[in-house]
Amino acid sequence: MASAFELTRNMTIGQYIPTDSAVHRFDPRFKLVAFGVLVLAIAFCNTYVGNLFALAFCLALFPLIRIPVGYGVSGIKPAVPFIIIIALLQFFFSGSIAPGGTLHFEYGVIRITGDSIRLVIVSAMRFVEVIFLSSVLTFSTSTTDLTRGMECLLSPLEKVKFPVHAFALVLTIAIRFVPTFAMEMEKLMKAQASRGAEFGSGEWWRIIRRTKDMFPLIIPLFNLALTRAEDLILAMESRGYVPGEERSVYTRYRSKGADWGLLGISLALAAVILWLP
Amino acid sequence: MREPFLTIRNLSHTYMKGTPLEHVALREVSLEAGRGECLAIIGHTGSGKSTLIQHLNGLLLPQSGEVTVDGLHLSGPKPDVKALRRKVGLVFQNPEDQIFEKLVGDDVAYGPFKMGYPLQEVRERVRWAMELVGISFDEYKDRPTFALSGGQKRKVALAGVLALKPDLLVLDEPTAGLDPYSRNELLNRIRELNRKEKMTVLFVTHNMEEVATLADRVCVMAEGRVAAEGTPREIFGDTRLLAEHQLGPPEAVEILHALHRRGHPVNPGAYLTEEAAGEILSLIRERE
Amino acid sequence: MSASPLIEVKDLYFSYRTHGETFPVLRGITLRVNRGEHVAVIGHNGSGKSTLAKHLNGLLLPDEGAVWVQGLDTREKKHLREIRRRVGMVFQHPDNQLVATIVEEDVAFGLENLSVPPEEMADRVTDALRAVGMEDFRKRPPHHLSGGQKQRVAIGGILAMRPDCLVLDEATSMLDSFGRKEILQVVRRLHGEGIAVVSVTHHMSEAAEADRVIVLEKGRIALEGTPREVFREREQLSRLRLDVPEAGRIASRVHAGHPGFPDDLYRREELVEAVERFTCGKVEVNHG
């Protein structure tokens with residue numbers, strides 16, 4: 001029986017699973033660029049064929065990084081409500097009439113056209129594809145590599161005085177504390193439940209009541225976050241960190257031929273996705 | 001033999017079942033505790049101790065196996081978790097983290113209120129629980145929680161669970177991080193709950209001094225299994241067992257073990273200060 | 001003691017200010033830590049131990065008085081980085097002091113702050129991880145490590161900076177007995193290699209191993225001396241809500257039953273050796 005308290009059970013995005021596949025060993029900078037290229041291509045792809053192709057290709061990536069396809073697909077579950085809401089909004093409000101399109105229904109701002117039906121299906125597919133791609137990226141790339149890769153890619157911005165390094169550090173720390181806070185939250189929920197608290201019960205329209213029910217979680221979590229932040233600042237300062245001062249960087253990446261290959265393949269795939277009828 | 005108050009039979013639990021992060025926490029654990037007994041569970045981080053105790057008040061439900069507390073079965077399709085939580089008070093590690101009300105009295109009252117008791121009853125329960133942990137109701141109920149010391153906060157959190165008047169009190173690392181004085185005080189309070197209020201107590205710990213002062217019986221867990229069970233004397237006396245599970249015994253026991261290794265005929269299970277001194281005295285007297 | 005001290009604290013006063021109120025924490029502390037010395041600081045919660053520790057590398061700055069690290073004044077901003085390189089600090093919560101998401105990156109964090117060139121960093125990280133016995137965990141994310149392992153990583157991160165002094169601010173209080181042993185072994189070895197250690201602790205048996213013990217009470221030094229000199233003051237210690245190590249309690253019980261036996265032994269080994277001395281003839285007969 002699944003527990004109501006296993007918070008991280010269905011979160012696949014953000015989980016790093018070191019199966020040591022070939023994809024794991026690519027240079028993170030190239031993985032990030034390839035990811036960007038593919039997401040862009042998917043974002044501009046409006047056709048059924050193109051999206052079917054992209055979907056099939058995303059699914060094929062899971063065996064390639066040695067992750068069971070079923071586990072990868074389970075990552076959609078938490079996103080289902082969003083997909084439905086977006087689909088509903090698009091279904092009612094974003095019908096445009098392309099030349100030769102048919103208008104099925106119109107009332108005030110609500111418009112349902114032949115295009116809007118296609119748009120709903122296509123954008124749901126796009127959403128799922130992006131979730132799969134993000135999962136593949138995070139399954140196969142440690143958060144450290146992700147942030148370091150990001151830092152390298154952003155480093156040209158240092159010329160316009162953008163604090164790339166501080167930005168990357170903030171990102172690293174934020175990611176570093178996600179599992180910690182998830183565990184704390186779980187512990188707090190369990191502790192308060194042991195004292196008779198019930199979460200997520202009660203009628204949903206009684207918002208104030210439901211918000212009040214969350215106080216026993218939110219207040220202690222807030223306190224914990226503050227103490228942790230204070231501790232962390234002390235620990236960082238005590239190791240000689242001074243914000244804004246010059247630092248050196250531990251991890252350096254060197255690109256290999258395979259990395260350029262990855263970039264080439266992703267560009268080719270993007271082209272196929274966009275050029276398909 | 002007393003009728004067992006708590007029975008666990010062949011309990012197994014796997015986290016993240018069906019994912020690449022699958023992890024088996026409990027394997028076929030069986031355990032009993034009699035009414036009024038004080039049972040210690042020791043073992044390493046990751047030995048399954050925390051998973052085990054979360055089954056005792058229904059935070060986790062058995063995936064396979066049985067858990068029965070005072071006649072209440074947890075294995076059926078719809079176990080009465082609410083009734084169970086009234087019977088079993090679970091105090092987590094660093095319970096002071098869960099305090100969220102501004103005033104001490106309000107925080108202790110949270111549980112009884114949630115259980116739906118009338119105001120008068122809530123008040124009496126809060127008074128009873130606070131006095132039990134050694135915090136004066138009249139003096140402290142209107143004090144702000146943030147101004148308490150670490151030891152006091154922990155006692156307030158304990159009172160918050162006691163206010164449900166549980167028959168079984170389950171504690172996870174009750175004294176971790178406290179200074180020696182607060183540690184001793186809290187241990188004495190827990191012993192009183194066990195001896196005077198006849199509460200059944202089950203606690204998880206890594207501190208063998210705690211085991212020595214409180215427990216009637218010890219259960220050693222390793223890799224999700226019960227590796228050994230016995231009185232503190234039996235467990236501390238077993239050099240091989242302690243070494244195998246890398247358990248640091250109380251200092252008295254370590255000293256006796258060191259003497260034993262050097263060929264002195266001492267009983268290393270004599271874990272109380274007084275007894276250990278007695279063992280050494282008889283060594284010296286024999287020589288004379 | 002002719003050489004200049006590693007750390008010198010003179011007439012240190014410090015108060016916390018919140019909501020317009022002032023809470024004095026340290027009131028006139030004067031002390032020295034010499035090169036390669038092991039100093040333990042004990043005192044109950046709220047006595048000012050941790051606040052004092054945070055002054056030793058300029059995390060807090062004195063309201064009055066001064067702290068010098070090898071002659072560098074902590075109040076001078078330009079020296080701060082060098083002071084923090086020389087005096088490294090390990091904190092209580094293993095979870096709250098690791099910055100990076102991979103062990104080796106965390107060890108390198110301090111080196112990055114010192115702008116150590118990348119080529120040199122790899123070697124220093126390797127050496128530091130080896131010194132704390134964590135080289136096999138180099139590529140692991142810290143949240144999968146045990147508390148003791150996390151603390152070892154934290155110590156590694158400081159060692160990589162090649163400090164002269166390691167300050168442990170209750171660094172073992174959240175660990176199980178095994179984790180505590182791991183840390184104490186590492187610290188003992190580092191001390192043997194000539195690094196000075198200041199350990200703030202609740203564990204009297206840890207304090208008994210130091211060269212010198214400082215007892216704090218209400219922000220003042222109440223007692224100072226070798227472990228023997230300090231733990232001999234039993235009455236004063238119990239008034240300060242502090243204990244004597246278990247070995248000491250056993251020794252005094254033995255002394256009570258056999259007045260020839262010394263009653264001022266505080267380390268395990270001391271006690272075992274004394275018992276050996278009192279019984280040596282007999283054991284030899286046994287083996288002979």
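Computed from a predicted model, the values in this text were never measured in an experiment.

Engineer: Even after reading the chapter, I still don't get the overall build of chain C, so can you show me in this structure?
Structural biologist: The number of helices and strands found in chain C is 11 helices and 10 strands. Relative to a compact globule of 288 residues, whose C-alpha radius of gyration would be 19 Å, chain C shows 21 Å and is just as compact. Overall size of chain C, expressed as C-alpha extent along the three principal axes, is 65 × 50 × 40 Å. By residue count, 58% of the 288 residues in chain C fall in the buried class.

Engineer: Please explain the pattern of salt bridges as it appears in this structure.
Structural biologist: Under the definition given, this model contains 57 salt bridges over all chains. Between Arg81 of chain C and Glu245 of chain A there is a salt bridge, with its nearest N and O atoms 3.8 Å apart. Placement of Arg81 of chain C in helix α2 (residues 80–86) and of Glu245 of chain A in the loop between α8 (207–238) and α9 (257–275) is noted, with the two residues assigned to different chains. Note on Arg81 of chain C: relative accessible area 21%, which makes it partly exposed. Within this structure, Arg228, Arg232, Asp264, Arg267, Glu269 and Glu270 of chain C form a network of salt bridges that share partners.

Engineer: Would you mind showing me how to read the sheet that holds strand β2 (residues 21–33) of chain C here?
Structural biologist: Hydrogen bonds along the backbone pair up the strands of a sheet, which may run parallel or antiparallel. All names here are of chain C. Ordered by their spatial adjacency, 4 strands build an open sheet running β2-β1-β4-β5, and the pairing between neighbours is antiparallel. The strands lining the two open edges of the sheet, one partner per strand, are β2 and β5 (72–73). Two strands pair when backbone bridges link them, and strand β4 (residues 64–69) and β5 are joined in this way by 2 bridges, in the antiparallel orientation. When the bridges of β5 are listed, Val69 appears paired with Leu72.

Engineer: Mind showing me how you'd approach the interface of chain C and chain B here?
Structural biologist: Many structure descriptions define interface size as the accessible area lost when the parts assemble. The partner chain B presents 35 residues to the 37 residues of chain C that form the contact. Both faces considered, chain C and chain B share a buried interface measuring about 3,600 Å² in area, 60% of it formed by carbon and sulfur atoms. One salt bridge in this structure joins Glu254 of chain B and Lys181 of chain C, with 3.6 Å as the shortest N-O distance. Applying the counting criterion to the chain C and chain B interface returns 8 residue pairs in polar contact (both at pLDDT 80 or more). Elements supplying a minimum of two residues to the side of chain C that touches chain B: α6 (177–192), α7 (204–207), α10 (246–257) and α11 (268–287) of chain C. Of the residues forming the side of chain C that touches chain B, the biggest block, 13 residues, is contributed by α11 of chain C. Split by residue class, the side of chain C that touches chain B holds 14 nonpolar, 13 polar and 10 charged.

Engineer: How should I be thinking about the nonpolar core in this particular structure?
Structural biologist: Among soluble globular proteins, nonpolar side chains are generally buried collectively. Residues and elements named next belong to chain B. Met130, Leu162 and Leu169 are the most contacted members of the largest nonpolar core, which totals 53 residues. The element best represented in this core is helix α6 (residues 150–162), accounting for 6 residues. When we break this core down by domain, the ones giving at least three residues each are domain 1 (1–79 + 168–232) and domain 2 (95–166).

Engineer: Looking at this structure, how should I read the domain arrangement of chain C?
Structural biologist: Residue and element names in this part refer to chain C. The domain boundaries assigned to chain C delineate domain 1 (35–60 + 77–231) and domain 2 (245–288). Of note, the centres of domain 1 and domain 2, computed from C-alpha atoms alone, are 33 Å apart. Across the domain 1/domain 2 interface, buried area totals approximately 590 Å², and carbon plus sulfur atoms make up 63% of it. When the buried surface of domain 1 facing domain 2 is broken down by residue, Ala208, Arg228 and Phe231 rank first, second and third, together holding 73% of it. Taken together, domain 1 and domain 2 are joined by 2 salt bridges. Linking Arg228 and Glu270 is a salt bridge whose minimum nitrogen-to-oxygen distance equals 2.5 Å.

Engineer: So what exactly am I meant to see when it comes to the environment of Ala166 of chain A here?
Structural biologist: On the secondary structure map, Ala166 of chain A appears in helix α7 (residues 164–194). For the pair Ala166 of chain A and Pro243 of chain A, spaced 77 residues apart in sequence, the C-alpha separation works out to 7.6 Å.

Engineer: Would you mind going over the UniProt feature "domain: ABC transporter" (unreviewed entry) in chain C with me for this structure?
Structural biologist: Sites flagged by UniProt as "domain: ABC transporter" (unreviewed entry) map to residues 7–243 of chain C. Between the first and last C-alpha atoms of residues 7–243 of chain C the distance is 28 Å; the span itself is 35% helix and 27% strand.

Engineer: Any chance you could explain the interface of chain A and chain C here in plain terms?
Structural biologist: Between chain A and chain C, the contact holds 30 residues from the first and 37 residues from the second. Together chain A and chain C conceal approximately 3,000 Å² of surface at their shared face, both sides included; 52% is due to carbon and sulfur atoms. Summed over the three residues of chain A that lose the most area to chain C, namely Arg176, Arg239 and Tyr250 of chain A, the buried surface amounts to 31% of that side. At the junction of chain A with chain C, the criterion picks out 6 salt bridges. Between Asp106 of chain C and Arg239 of chain A there is a salt bridge, with the nearest N and O atoms lying 2.9 Å from each other. The interface formed by chain A and chain C includes 16 residue pairs in polar contact (both at pLDDT 80 or more). Those elements giving two or more residues to the side of chain A that touches chain C turn out to be α6 (143–154), α7 and α8 of chain A.

Engineer: Where do I start with the domain arrangement of chain B in this structure?
Structural biologist: All names here are of chain B. Once the domains are mapped, chain B shows domain 1 (1–79 + 168–232) and domain 2 (95–166). Domain 1 and domain 2 are separated by 24 Å when their C-alpha centres are compared. On the domain 2 side, the residues contacting the 15 residues of domain 1 number 13 residues. Between domain 1 and domain 2 lies a buried interface of about 1,100 Å² when both sides are counted; carbon and sulfur atoms form 66% of it. Summed over the shared surface of domain 1 and domain 2, the number is 1 salt bridge. In this structure, Lys155 engages Glu185 in a salt bridge whose closest nitrogen and oxygen atoms are separated by 2.8 Å. At the boundary of domain 1 with domain 2, the tally comes to 3 residue pairs in polar contact (both at pLDDT 80 or more). Sorting elements by how many residues they give to the side of domain 1 that touches domain 2 places helix α7 (residues 180–195) first, with 5 residues. Residues that form the side of domain 1 that touches domain 2 fall into these classes: 9 nonpolar, 2 polar and 4 charged.

Procedures and definitions
- Residues numbered from 1 in each chain as written.
- Chains lettered and ligands numbered in written order.
- Predicted model: local features only at pLDDT ≥ 70, side-chain atom pairs only at ≥ 80, totals over all residues.
- Heavy atoms only, no water.
- Helix = DSSP H or I, 4+ residues; strand = E, 2+ residues; numbered from the N terminus.
- Rg over C-alpha atoms; globule rule 2.2 N^0.38 Å.
- Buried < 20%, exposed > 50% of the residue type's maximum accessible area, 1.4 Å probe, protein only.
- Salt bridge = Lys/Arg side-chain N within 4 Å of Asp/Glu carboxyl O.
- Pairing = 2+ DSSP bridges.
- Contact = heavy atoms within 4.5 Å.
- Buried area = accessible area lost by both parts, 1.4 Å probe.
- Polar contact = N/O pair within 3.5 Å; in protein donor to acceptor, adjacent residues only side chain to side chain.
- Nonpolar A, V, L, I, M, F, W, Y, C, P; charged D, E, K, R; others polar.
- Core = buried A, V, L, I, M, F, W, Y, C linked by side-chain atoms within 4.5 Å.
- Domains from an automatic or database assignment.
- UniProt positions renumbered as here; feature names shortened; annotations may be inferred.

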